[in-house]
Amino acid sequence: MSQVKQVGLLAAGCQPWNKDVCAASGDRFAYCATLAIYVYQLDHRYNEFKLRAIMSEHKKTITAISWCPHNPEVFASASADNLLIIWNVAEQKAVARLDNTKGIPASISWCWNTGDSVAFVSHRGPLYVWAISGPDSGVTVHKEAHSFLSDICLFRWHPIKKGKVVFGHTDGSLSVFQPGSKNQKHVLRPESLEGTDEEDPVTALEWDPLSTDYLLVANMHNGIRLLDSESLSCVTTFSLPSAAASVQCLAWVPTAPGMFITGDSQVGVLRVWNVSRATPLDNFKLKKTGFHALHVLNSPPAKKAVSSISPSKNHYTSSTSEAVPPPTLSQNQAFSLPPGHAVCCFMDGGVGLYDMGAKKWDFLRDLGHVETIFDCKFKPDDPNLLATASFDGTIKVWDINTLTAVYTSPGNEGVVYSLSWAPGDLNCIAGATSRNGAFIWDVKKGKMITRFSEHGKNGIFCIAWSHKDSKRIATCSGDGFCIIRTIDGKVLHKYKHPAAVFGCDWSQNNKDMIATGCEDKNVRVYYLATSSDQPLKVFTGHTAKVFHVRWSPLREGILCSGSDDGTVRIWDYTQDTCINVLSGHTAPVRGLMWNSEVPYLLTSGSWDYTIRVWDTRDGTCLDTVYDHGADVYGLTCHPSRPFTMASCSRDSTVRLWSLTPLIAPLLVNILTDHSWDDIIGNTDRAMVPGAPPLLCGKVSRDIKQELDKLSSDVRMKKLRWFSECFSPPGGSHNLWDLVAVINGQDDSLLPQNYGQGIMHMKHLVRFKTSEAQELTIVKMSKFGGGIGAPSKEERLKAAAEIHLRLGQIQRYCELMVELGEWEKALSVAPGVSMKYWKKLMQRRADQLMQEGNDDVIPYCIATGDVKKLVNFFTSRGQLKEALLVAQGALEGNIHGPQISSINHSTAPDNDNIETYTGLLHGVCKELAEWYFQDGRAVLAACCHLAVDNTELAMASLIRGNELELAVCVGTVLGESAGQATHYVLELLARKYMTTTTCFPFVGNRYYYTSHLQFLCLKQHLHIYISTALITNTSLFCNQICCYYADQLVDNSHSGCTQTQYKI
């Protein structure tokens, strides 16, 4: 198993160039990036969609996917390398392959009449049918579906009528084939195209699920038509609101017969239609960019009852037939809002699940790259931001704490091969493109501010902004030049190479020195302080082109190069020699990254899909990572967390990694309070072969300087600062803020962004109140009107008015409720009694809760029904909202109506305090478990610390294998986490069973560990510790831990040298 641990994933977006790249089945949906298929599944416990699997065996662009209608665990995919794969989602692997599809499949579909056959077609046909298993397994050609006169855009089998299939063509026509009937080729073109050679491609095509003959067709320019495939006639032509609008995709809504939705191609407008009307019922603008694909889930994922319209018993009639009435609507449901969830894919790669009834996103994965990502770089002055450059022509900037895109460049740049952040706080990125030269993009302003065109139309493969001299930018290109210029465009040097130049890198120790990698297999070093255009050094040795070069940030004169020969070479500029060759990759090397703290650690990425971490002292490969599904191009080191690394790949993903397990001895030395000489040193000591790792970089030196200034809490600060240095982003800072709060730190010392994370419960209401006040001041509310009140029953309304005038208020209220006029009923209900009003409020809340309507919230708040509201939020997976309500109630902000005027106190009584405290702790546990199941154990611990539950916080860190962090936190928390800390110390000692170590702990108690001791104790105590972990029974776990610790102290064996390190 790899020691390097993946700690974050930025998923790719949906590709915009092939049609059938989105599919759904039950509570799952899938979409295609260029080389991988992303499968999301509903987590029923938390009512949210989570990434279930990434399928990535295709080597070329995926062209189509199709979910098996008979087996929700199986789907098929096709790609441009003539490959068709059958996948099993549960097993997350390919179960069948067809290696030669005799052409690139443009569209694929499971045959509805059989469970194990997939049909596929290239642009000109014919239609092939692949029987995956059985006696007739193999590929056959459809008897009639061939010899087409126009390219095929897509095809669809009929879901009911066996063997019936329709093809849509680029000329706008359709071809229909069905057993026992005359085949129809190239029919039903839009009327405006008849008699012309103009083309109007079919963009979408779907059979009416309740008809044998009716078919919805969308053409790029001629809109939407409902066609009768039997009579070859147009039943309805639908009208778009604007001549400029065009439809890219469409889908029927299974829960509302006769209804369908469409997505516009230019702007992200979702339109809702009914076949009985020629104009849309409603329009929602969801995004600025156009739609690419749509699919409606057959099973709405929400945990609520959704009234669906039962189809007619006659399944062979159309949904436009008089036998099927239009949908029956409740008083609170508009005709234009069918219950349903649409999987929406957009041209910019965005993917989301939209709740059409509630008009909100249930899931949105926005702005993902859709093609190869060639480069990635952390922002120097704000390492929470990571920039990526892609083949899709954009640079995107990501917040690595939330794993979301926060900025994207304007695009249309061709291929963006490389990027470089401006030094300091300039908030600019330099980018290098395949055909548009280089540019400087102002990230905050969102616009290009400078362009460089010295290389002409030649591709620029690398761009590097000097961080020693912020006015200089270097570019290298296929024209054989490395050009050094100022940021205002003045050329300072043009270094001519005998072939294309692929990489360049500024020395981090000498501002006038730059290295290049060339197609002629050589590495060159240039010195800018001279007027010569010749290199100072030329390093030879690679047997194929050199791509990237990187100077060591810690060792002056040392640089590395990666080559197409599959090796990485280490060069010593001062000795004019290659001092090591790192062999292991089986394909060209692309990504290179030196570690900024441990001078011998080097990481490389390759076209063999792997990342390798090397000890450059002896050339040993310390670890190999196989997680990427394609070529690895870019590697970058986090500036303030030097053991956190990001990588990017042709699989369109960015992944975050922790290298901390590779430097375990350093962690032990810090935890056991070794001397500084065992933690921080110079590069000469660190480079001694076989020597334990030492920190030699700026981050560790800065920590030591700050610690030297302290007169108290040195041990606590040391643990915190080094813990954050070694931990990946994503919660460790939040965790230490909560530890500080629990230890009594003054609130004024909390960081500015404290309120954006998980807060201690004593701060939650105050911070949220402040946030609400800011929103009130800064942003005016813009609530629009509804879409029309439901029709009233005049007779009942008249009767209600009479009852009101007679003073029969309760009867009036009941009639208003029957009419759906709840607001009127509730406004006069106190005239009967406060008890009746509360009962009526609770009835309304129950109704809204059954509908899953957010309007239930004020009703529960007004009646003080905290438990019901907390359960409502929890059942919907809105755990943070549940937490806020529970804390608000505990602080006395939520209480029921005061029936009597005697007691004016708003503070909750003791019984309520106990109830609300239980609710609060229950929600915190649920939220913690959500974070833990999502792979974020540190944030799970934060949830427990927020309610002072140190025991469960420590348990979360232990369960998440964050043992070193748990020791640091437990030590700082002191006796409140004492037992758990004893336990995790023993687990850590088990982890490092190579040498005898003594771990210190509060109370002058010392714990010795050695390989021999563990061998003696493992047999007796392993089963008890495992049981304690599984049951998570704190008392039992604590008893075992104490017994285990005492056994270690009492069982000192001869030959075990013990050394004490005092806190």
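Here the structure is a predicted model, which means the values were calculated and not measured. Residue numbers restart at each chain and count upward from 1, following the sequence in its written direction. The predicted origin of the model limits local features to residues at a pLDDT of at least 70 and limits the giving and counting of side-chain atom pairs to 80 or more, whereas totals for whole chains, interfaces and linings rest on all residues. The side-chain values count all of the structure's non-hydrogen atoms but skip hydrogen atoms and water molecules.

Attention shifts here to the side chain of Ser700. With respect to the helices and strands, the residue Ser700 is situated in helix α3 (residues 698-709). Each residue is assigned to one of three classes by its accessible area relative to the maximum for its type, calculated with a 1.4 Å probe on protein chains only: buried under 20%, partly exposed between the two thresholds, exposed over 50%. In this structure Ser700 comes out as buried when scored by relative accessible area, which is 0%. Discounting chain neighbours no more than four positions away, the residues touching Ser700 are Glu597, Ile680, Leu695 and Phe722. The numbering of helices and of strands both runs from the N terminus, where a helix is a DSSP run of H or I of at least 4 residues and a strand a run of E of at least 2. What makes two residues a contact is simply this: any of their non-hydrogen atoms within 4.5 Å.

Once that is clear, we can look at the pairing of strand β22 (residues 247-252). For β22, a buried count of six out of six residues is recorded, marking the element as mostly surrounded by other parts of the structure. Being paired, for any two strands, means DSSP has found at least two bridges between them. With five bridges joining them, β22 and strand β23 (residues 259-264) adopt antiparallel strand pairing. The residue of β23 that forms the bridge with Cys249 is Gly263. Count of turn residues in the β22/β23 antiparallel hairpin: six residues, of which Gly258 carries a positive phi of about 90°.

Glancing now at the confidence of the model for the chain. Per residue, pLDDT measures the predictor's confidence, with a range of 0 to 100. In this model, the chain carries an average pLDDT of 84, and 86% of its residues clear a pLDDT of 70 or more. The lowest-confidence element of the chain is helix α19 (residues 1011-1031), averaging 36 in pLDDT; the highest-confidence one is strand β51 (residues 601-606), averaging 98. Confidence over residues 302-336 falls short of pLDDT 50; this stretch has 70 contacts with residues more than four positions distant or in other chains. Across residues 778-792, confidence stays below pLDDT 50; counting only partners more than four residues off in sequence or on other chains, it has six contacts.

It is at 11 Å that the axes of helix α12 (residues 866-875) and helix α14 (residues 910-933) come closest, and there the two elements cross at 5°. Between α12 and α14, the crossing angle belongs to the class labelled roughly parallel. Where α12 abuts α14, its residues Val866, Lys867, Val870 and Thr874 lie against Tyr916, Leu919, Val923 and Glu926. Residues are grouped as follows: Ala, Val, Leu, Ile, Met, Phe, Trp, Tyr, Cys and Pro are nonpolar; Asp, Glu, Lys and Arg are charged; all remaining types, including Gly, are polar. Taken together, the residues that form the contact of α12 with α14 break down as five nonpolar, one polar and two charged. Helix axes are fitted only over the stretch in contact, all axes being lines through C-alpha atoms; the angle between N-to-C directions runs from 0 to 180 degrees. What sets the label is the angle itself: under 35 degrees gives roughly parallel, over 145 gives roughly antiparallel, 65 to 115 gives roughly perpendicular, and the rest give oblique.

The subject of this paragraph is the sheet that holds strand β6 (residues 62-67). Read from one edge to the other, the open sheet built from four strands follows the order β6-β7-β8-β9, with strand pairing classed as antiparallel. Taken across any chain shown, the strands that pair with only one partner, and hence form the sheet edges, are β6 and β9 (93-98). For this sheet, the mean inter-axis angle between neighbouring strands, taken without regard to orientation, is 25°. Relative to β9, strand β8 (residues 83-88) runs antiparallel, the two sharing five bridges.

Whenever a carboxyl oxygen of Asp or Glu lies within 4 Å of a side-chain nitrogen of Lys or Arg, that contact is scored as a salt bridge. Overall, the coordinates contain 43 salt bridges when judged by the stated rule. The salt bridge involving Arg472 is made with Asp512; its shortest N-O contact spans 3.1 Å. A residue pair is termed long-range when its members are at least 10 positions apart, and Arg472 in strand β39 (residues 472-477) and Asp512 in the loop between β42 (501-506) and β43 (513-518) qualify at 40 residues. Each member of the pair, Arg472 together with Asp512, is buried. Across the pair Arg715 and Asp673 runs a salt bridge whose closest N-O atoms are separated by 3.6 Å. Here Asp673 lies in the loop between α1 (664-671) and α2 (683-686) and Arg715 lies in helix α4 (residues 714-726), a separation of 42 residues in the sequence. The exposure class assigned to Arg715 is buried, which follows from its relative accessible area of 12%. The class for Asp673 is partly exposed, based on a relative accessible area of 23%. Sharing partners across several salt bridges, the network here consists of Asp469, Arg472, Lys511 and Asp512.

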